[in-house]
Amino acid sequence: MSEPTFATPDLTTFARLDELGLVVTGQRVSTTRVVLACRVVEPDDWCHDCGCQGRLRDTVVRRLAHEPFGWRPTTLWVRVRRYTCTGCARVWRQDTSKAAPARAKISRRGLRWALEGIVVAHLSMARVAAGLAVAWDTANTAVLAEGKRLLIEDKNRFDGVAVIGVDEHCVRHEALLFRMEVRDHHRLVVVAAG
Ligand SMILES: [Zn+2]
């Protein structure tokens, strides 16, 4: 077997933050949790109304729960720039929708981890909430919404399926995500949530 090629260690890619349009600028690691300071890669400093360039006004911090590493919750502190337009005086902040939808408390990667945790790894919602270091209600609401968006609204989700079964293990969980089974493979498909 040939020697693998190693790239330079890089926390941004390790934590898959490049997929979220973020770059890590700092870390605070304790025995119980990790906080990663991030900034948004895209400057987003041109006014969408009049096309003039914005002047940096200040920065605000958006906190997002991210996927845990080694069962240790990881929280992102995303420093977001706010600009004032030099033409029309409009104020806006950098677009962070690649990292998480507006008003969401969990990053897109964190949400994906949570959904896979419930559906594939049979984690309880309490365990998922603990892994994200968020309240149970926050995890439950976000995971159900994501499951519905990603899976139930997928019109092709029954393609190639011969047998539909209800996994009682999943049903025991608070989320009541019913999983579909395709022969003996578990597939990440939610038939219904309620
Ligand atoms: Zn403007």
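Computed from a predicted structure; not experimentally measured.

Asks: Report on helix α3 (residues 125–132), specifying residues and quantitative values.
Replies: Note: α-helices contain 3.6 residues per turn, so residues at a spacing of three or four share the same orientation. Every buried residue of α3 is accounted for by M125, V128, A129, G131 and L132. Axial view of α3: buried residues confined to an arc of 160°, hence all on one face. Following α3 by one or two positions, A133 has its phi on the positive side, about 60°.

Asks: Would you mind going over the pairing of strand β3 (residues 54–69) in detail, with residue names and values included?
Replies: Sheet analysis places β3 next to strand β4 (residues 72–85), joined by 13 bridges and oriented antiparallel. Directly across from T59, in β4, lies its bridge partner R81. Linking β3 to β4, which pair antiparallel, is a turn of two residues; within it G70 sits at a positive phi near 65°.

Asks: How would you summarise the environment of G70 if you had to cite specific residues and measurements?
Replies: Topologically, G70 is positioned in the loop between β3 and β4. For G70, a count of 6 C-beta atoms within 10 Å puts it in the exposed group. Separated by 61 residues in sequence, G70 and G131 place their C-alpha atoms 9.6 Å apart.

Asks: Describe in detail helix α2 (residues 108–119), supporting the description with residues and values.
Replies: Counted at 1.5 Å a residue, the expected span for α2 with its twelve residues is 16 Å, and the 16 Å between its end C-alpha atoms agrees. Taken across its twelve residues, α2 has ten buried, putting it largely inside the fold. For α2, the full list of buried residues reads R108, R109, G110, L111, W113, A114, L115, G117, I118 and V119.

Asks: Could you give an account of the nonpolar core, with specific residues and numbers?
Replies: Ranked by internal contacts, the top residues of the largest apolar core, which has 31 residues, are I106, A114, V128, L132, A139 and V143. At the level of secondary structure, the elements contributing two or more residues to this core comprise β2 (34–40), β3, β4, α2, α3 and α4 (136–152). Of all the elements, α2 adds the most residues to this core, at six residues. Those residues in contact with A139, other than ones at most four positions away along the chain, are A114, M125, V128, A129, L132 and V134.

Asks: Mind laying out unusual backbone geometry, listing which residues take part and the relevant values?
Replies: Even without glycine at this site, D44 takes up a positive phi of about 55°. Overall, the presence of 17 C-beta atoms within 10 Å leaves D44 in the partly exposed class. For H122, which is not a glycine, the phi torsion comes out positive at approximately 60°.

Asks: Run through the packing of α2 against α3, naming residues and quoting values.
Replies: Between α2 and α3, whose axes approach to 10 Å, the crossing angle comes to 155°. Classified by the interaxial angle, the pair formed by α2 and α3 is roughly antiparallel. In the packing of α2 onto α3, the handedness of the crossing is right-handed. Across from G110, A114, G117 and I118 in α2, the residues of α3 making contact are M125, V128 and L132. Split into classes, the residues belonging to the contact of α2 with α3 amount to five nonpolar, two polar and no charged.

Asks: I'd like a rundown of the environment of D45, residues and numbers included.
Replies: If you trace the backbone, D45 turns up in the loop between β2 and β3. The exposure class of D45 is partly exposed, given the 14 C-beta atoms found within 10 Å. Expressed as a C-alpha distance, the spacing of D45 and Q94, which sit 49 residues apart in the sequence, is 7.4 Å.

Parameters and conventions
Residues numbered from 1 in each chain as written. Predicted model: local features only at pLDDT ≥ 70, side-chain atom pairs only at ≥ 80, totals over all residues. Buried ≥ 20, exposed ≤ 12 C-beta atoms within 10 Å, placed from the backbone. Helix = DSSP H or I, 4+ residues; strand = E, 2+ residues; numbered from the N terminus. Arc of directions from axis to C-beta. Pairing = 2+ DSSP bridges. Expected span 1.5 Å × (residues − 1). Core = buried A, V, L, I, M, F, W, Y, C linked by C-beta atoms within 7 Å. Contact = placed C-beta atoms within 7 Å. Axes fitted to C-alpha atoms, helices over the stretch in contact; angles between N-to-C directions. Parallel < 35°, antiparallel > 145°, perpendicular 65-115°, else oblique. Left-handed = near helix turned anticlockwise from the far one by under 90°. Nonpolar A, V, L, I, M, F, W, Y, C, P; charged D, E, K, R; others polar.

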